[in-house]
Amino acid sequence: MCNITSLLPAEMLERIFLWLSPRDMKTVELVCRRWLQVGETPGLWSWLSSLTVNNIEMLTCRRFKGVSKLRVKRKLTMTNELLESIVRHPALKLLNIAGTNLSAIDPDILARVVNSVETVDVTGTSLTAVQANAIFTAISEDNKLKNMKIRNNNLSALKTGMLARAVHCLEYAEILSSTRLTAEQLSEIFTAICEGTKIRKIQIANGCCNLNLVSPDLLAKAVNKLDDVELVEVSLRSQQVTAILTGILTQSNLKRLIIISFAEVAEDILSKAQTKCNIGIYEW
């Protein structure tokens, strides 16, 4: 059979293979070396948009070159070599390395990885202060990254102004538990939003920081510049929540607001604001 099909151009074999199911494709690749070579063409595996990586060999496999979403298993040992392979992946747009231990990774390599995709999840990856600074420096210099989840990493040691510059480049930031942002860092973020950024959605939650030291006027102005905001268990004061709702009644871009807090707010102001956008305020 291989001798007969060796007369067919690779392009014709590809067209034939396109009619096969994924299971049959795997069988076809076992027939002969030429069929294996043709069967590894990325276009034949275009149905596979996401991939969970168990080892570095999977990243070098030709069939997976068209994969746009990549998740690295939590138990996989992270190495500089593995991350370099991710950087070289041609079609990658979304990278999930949440739960892996990145503390031993070269900061420059890690920064290149994060900024080689549009969406990244580095939740609970034991980032060091040097790595965090390298990542946010790269974000501020290269605007390819749009969405970032960075929960359960200590960001309190980030250099002054670093977060503000990064916020100018992102469209969505999820800063949840244990990021330990300081009042100064939070004020930097909200000031940057007020001055005009790409960011349209932000989620700050689960005790990652204390917002009650942020100026009510600054917080209200920043929140009402955005489209979608979640503030959950971040020690808001009633004055801050009232300022946000008052801003909704005057001039606001806000379409959705979720607040979970002990802060009390006047029912009349809340009712009026709820006619302007989708608001959920719940007691913590």
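In what follows, the structure referred to is the one given above.
Quick summary incoming for the structure in this document. As the structure is a computational prediction, the values presented were derived from the model and not from experiment. (Residues numbered from 1 in each chain as written. Predicted model: local features only at pLDDT ≥ 70, side-chain atom pairs only at ≥ 80, totals over all residues. Heavy atoms only, no water.)

Things to note about the overall build of the protein
Link 1 in the chain: Looking only at helices and strands, the protein features 13 helices and 10 strands.
Link 2 in the chain: In terms of C-alpha radius of gyration, the protein reaches 24 Å, well past the compact-globule figure of 19 Å for 284 residues.
Link 3 in the chain: Here the C-alpha coordinates of the protein stretch approximately 80 × 40 × 30 Å along the principal axes.
Link 4 in the chain: Within the protein, the fraction of its 284 residues that count as buried is 48%.
Link 5 in the chain: In the protein, once contacts between residues fewer than 6 apart in sequence are set aside, the share between residues at least 24 apart is 67%.
Link 6 in the chain: Accessible surface, the protein as shown: approximately 14,100 Å² in total, 51% of it carbon and sulfur.
Link 7 in the chain: Across the protein, the 33 positively charged side chains and the 28 negatively charged ones have centroids separated by 6 Å. (Helix = DSSP H or I, 4+ residues; strand = E, 2+ residues; numbered from the N terminus. Rg over C-alpha atoms; globule rule 2.2 N^0.38 Å. Buried < 20%, exposed > 50% of the residue type's maximum accessible area, 1.4 Å probe, protein only. Contact = heavy atoms within 4.5 Å. Areas by Shrake-Rupley, 256 points an atom, 1.4 Å probe, with all protein chains shown as cover. Lys, Arg positive; Asp, Glu negative; His and termini not counted. Charge placed at Lys NZ, Arg CZ, Asp CG, Glu CD.)

Things to note about the pattern of salt bridges
Link 1 in the chain: Under the defined criterion, the tally for this structure stands at 7 salt bridges.
Link 2 in the chain: Ionic pairing is found between Glu-84 and Arg-112, a salt bridge with its closest N-O pair at 2.9 Å. In this pair, Glu-84 is assigned in helix 6 (residues 80-87) and Arg-112 in helix 7 (residues 107-114), connecting sequence segments 28 residues apart.
Link 3 in the chain: Between Arg-256 and Glu-230 there is a salt bridge, with its nearest N and O atoms 2.9 Å apart. (Salt bridge = Lys/Arg side-chain N within 4 Å of Asp/Glu carboxyl O.)

What about helix 7?
Link 1 in the chain: Every buried residue of helix 7 is listed here: Ile-109, Leu-110, Ala-111, Val-113 and Val-114.
Link 2 in the chain: Where helix 7 is buried, its residues touch helix 6, strand 3 (94-96), strand 4 (119-121) and helix 8 (129-141).
Link 3 in the chain: With a side-chain oxygen positioned 2.9 Å from the backbone nitrogen of Asp-108, the residue opening helix 7 is Asp-106. (Polar contact = N/O pair within 3.5 Å; in protein donor to acceptor, adjacent residues only side chain to side chain.)

A closer look at helix 11 (residues 216-223)
Link 1 in the chain: Burial analysis of helix 11 places 6 of its 8 residues in the buried class, the great majority of the element.
Link 2 in the chain: Taken together, the buried positions of helix 11 are Pro-216, Leu-218, Leu-219, Ala-220, Ala-222 and Val-223.
Link 3 in the chain: Residues of helix 11 that are buried make contact with helix 10 (183-195), strand 8 (228-232), helix 12 (238-250) and strand 9 (256-260).

Focus on the pairing of strand 10 (residues 278-282)
Link 1 in the chain: Across 5 bridges, the pairing between strand 9 and strand 10 is parallel. Within strand 10, the position partnered with Ile-260 by the bridge is Tyr-282.
Link 2 in the chain: Handedness of the crossover joining strand 9 and strand 10 through helix 13 (residues 267-274) is recorded here as right-handed. (Pairing = 2+ DSSP bridges. Right-handed = clockwise from strand over helix to strand, strands pointing away.)

Considerations on the packing of aromatic side chains
Centre-to-centre distance and the angle between the planes together describe a pair of aromatic rings.
Link 1 in the chain: Applying the stated criterion across every chain, the model contains 1 aromatic pair.
Link 2 in the chain: On the numbers, 5.5 Å between centres and 70° between planes, the contact of Phe-17 with Trp-35 is edge-to-face. Of the two residues, Phe-17 is situated in helix 2 (residues 10-17) and Trp-35 in helix 4 (residues 33-39); the sequence distance between them amounts to 18 residues.
Link 3 in the chain: Residue classification places Phe-17 among the buried residues on the basis of a relative accessible area of 3%. (Phe/Tyr/Trp six-rings, centres within 6.5 Å; stacked < 30°, edge-to-face > 60°.)

Digging into empty space enclosed by the protein
Link 1 in the chain: Per the counting criterion, the structure on display carries 1 cavity of 30 Å³ or more.
Link 2 in the chain: Forming the walls of the largest cavity are Phe-136, Met-148, Ile-150, Leu-155, Leu-163, Ala-166, Val-167, Leu-170, Ala-173, Glu-174, Ile-175 and Ile-189.
Link 3 in the chain: Taken together, the elements giving at least two residues each to the lining of the largest cavity come down to helix 9 (162-167) and strand 6 (172-175).
Link 4 in the chain: Taken together, the residues of the lining of the largest cavity break down into 11 nonpolar, no polar and 1 charged. (1 Å grid on protein atoms, 1.4 Å probe; cavity = no way out; pocket = protein on both sides within 12 Å on 5 of 7 lines; lining within 4 Å. Points joined across faces, edges and corners; volume = space filled by probe spheres on them. Nonpolar A, V, L, I, M, F, W, Y, C, P; charged D, E, K, R; others polar.)

As for a positive patch on the surface
Link 1 in the chain: Together, Arg-71, Lys-73, Arg-74 and Lys-75 make up a region of like positive charge exposed at the surface.
Link 2 in the chain: Mapping Lys-75 onto the fold places it in the loop between strand 2 (69-72) and helix 6. (Patch = residues over 30% accessible without salt bridge, like charges linked within 9 Å, V, L, I, M, F, W, Y side chains within 5 Å.)

Thoughts on the environment of Leu-163
Link 1 in the chain: Structurally, Leu-163 is set in helix 9.
Link 2 in the chain: Take Leu-163: its relative accessible area is 5%, and that puts it in the buried class.
Link 3 in the chain: Counting along the chain gives 110 residues from Leu-163 to Ala-273, while the straight-line C-alpha distance between them is 30 Å.
Link 4 in the chain: Here Leu-163 is in contact with Phe-136, Leu-158, Leu-181, Gln-185, Glu-188 and Ile-189, once residues within four sequence places are set aside.

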